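# Structural features, examined
Given next are the chains, with one letter for each unit.
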Amino acid sequence: MSLFDKRSEPEVDASWMETYGDMVTLLLCFFIMLAAISKVDTVLYEKVQSGMTKDLGKQPPQRPIETVRQELTDVVSAVPGGEAAVDIGTDNRGVVLNLDMGAVFAPASADIKPAMMPLLKELAGTLGQPRFQGYRLEIQGHTDNMPVRTAQFPSNFDLSAARALTIMRTLVGLGLSEQRMVVAAYGQYAPRVPNSLEDGTPLPANQALNRRVAIHVLP
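Residues numbered from 1 in each chain as written. Predicted model: local features only at pLDDT ≥ 70, side-chain atom pairs only at ≥ 80, totals over all residues. Heavy atoms only, no water.

### Notes on the layout of surface pockets
In plain terms, the rule: Each cavity reported here is a set of points on a 1 Å grid over the protein atoms alone in which a 1.4 Å probe fits but cannot get out, each pocket an open set with protein on both sides within 12 Å along at least five of seven lines, and each lining residue one with an atom within 4 Å of a point. Grid points are joined across faces, edges and corners, and a volume is the space filled by probe spheres set on the points. Helical segments are the DSSP runs of H or I of at least four residues, strand segments are the runs of E of at least two, and each set is numbered from the N terminus. Residues are sorted three ways: Asp, Glu, Lys and Arg are charged, Ala, Val, Leu, Ile, Met, Phe, Trp, Tyr, Cys and Pro are nonpolar, and all the rest, Gly among them, are polar.
Computed from the structure, the largest pocket encloses a volume of approximately 190 Å³. Forming the boundary of the largest pocket are 13 residues, of which Pro107, Ala108, Leu159, Arg163 and Arg211 lie nearest the centre. When residues of the lining of the largest pocket are traced back to their parent elements, those giving at least two are α5 (101-104) and α7 (156-173). Broken down by class, the residue content of the lining of the largest pocket amounts to eight nonpolar, two polar and three charged. Lining the second largest pocket are 14 residues, and of these Val96, Asn98, Gln140, Arg212 and His216 sit closest to its centre. At the level of secondary structure, the elements contributing two or more residues to the lining of the second largest pocket comprise β1 (86-90), β2 (95-100), β3 (136-142) and β5 (212-218). Here the residues of the lining of the second largest pocket sort into five nonpolar, five polar and four charged.

Encoded structure:
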């Protein structure tokens, strides 16, 4: 018998592959389900992506939401009275401009003070630039917990809706497309901070923060 004759090789048991394939399929379905029910934090995702690009790709980080926030902050700072009327931040969806109602509107009114028009004009000019055309604007009206009952505004919802609509119509009049906009009224039910202590004692400074029109700039 030749030394080079092939010996019969033992048969390999590959039955484990079926179990392994089932496990991988179940894991894939599990992560798809998580993605489907999860709420994406756009700002956090941008930060993580930027860090990975910088550390792994050795490329300058790209953070468009942060760029928008900084540019709008510069616009507000450049207009007299702008910083007192608007504070700018981010949430898990994008950039948020909180317009202070005491600065923008007359008390219990949806009429914009003339002194605020230069600020709104600058904001509209910036958001109307071609590089921001893909961003949507969600304009939300909010009040504090003090009830409003007037002939024109029978409830806090009426007042918050009227103010949000006024801001929307003003921005449209300044050149922004209404197709980019959504308007919502929350009345007193989405405060930034508590309106009062647990015993019901009002917190005037907090109530002032809650009286606002919030413009969400969303990618």
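Additional details are given in the paragraphs that follow.
### Focus: the side chain of His142
Formally: Under the scheme applied here, a residue whose accessible area is under 20% of the maximum for its type counts as buried, over 50% as exposed, and between as partly exposed, the area being computed with a 1.4 Å probe on protein chains only. We define a polar contact as two N or O atoms separated by no more than 3.5 Å, with the added condition that, inside protein, one atom must be a possible hydrogen donor and the other a possible acceptor, whereas residues neighbouring each other in sequence contribute only through side-chain atom pairs. Whether two residues are in contact is decided by their heavy atoms: any pair within 4.5 Å suffices.
Here His142 is to be found in strand β3. A residue is classified by how much of its surface remains accessible, and His142, at 3% relative accessible area, is buried. Side-chain polar atoms of His142 contact the side chain of Gln140, separated by 3.1 Å. Apart from the residues within four sequence positions on either side, His142 is in contact with Ser160, Tyr186, Gly187, Ala190, Asn210, Arg211, Arg212 and Ala214.

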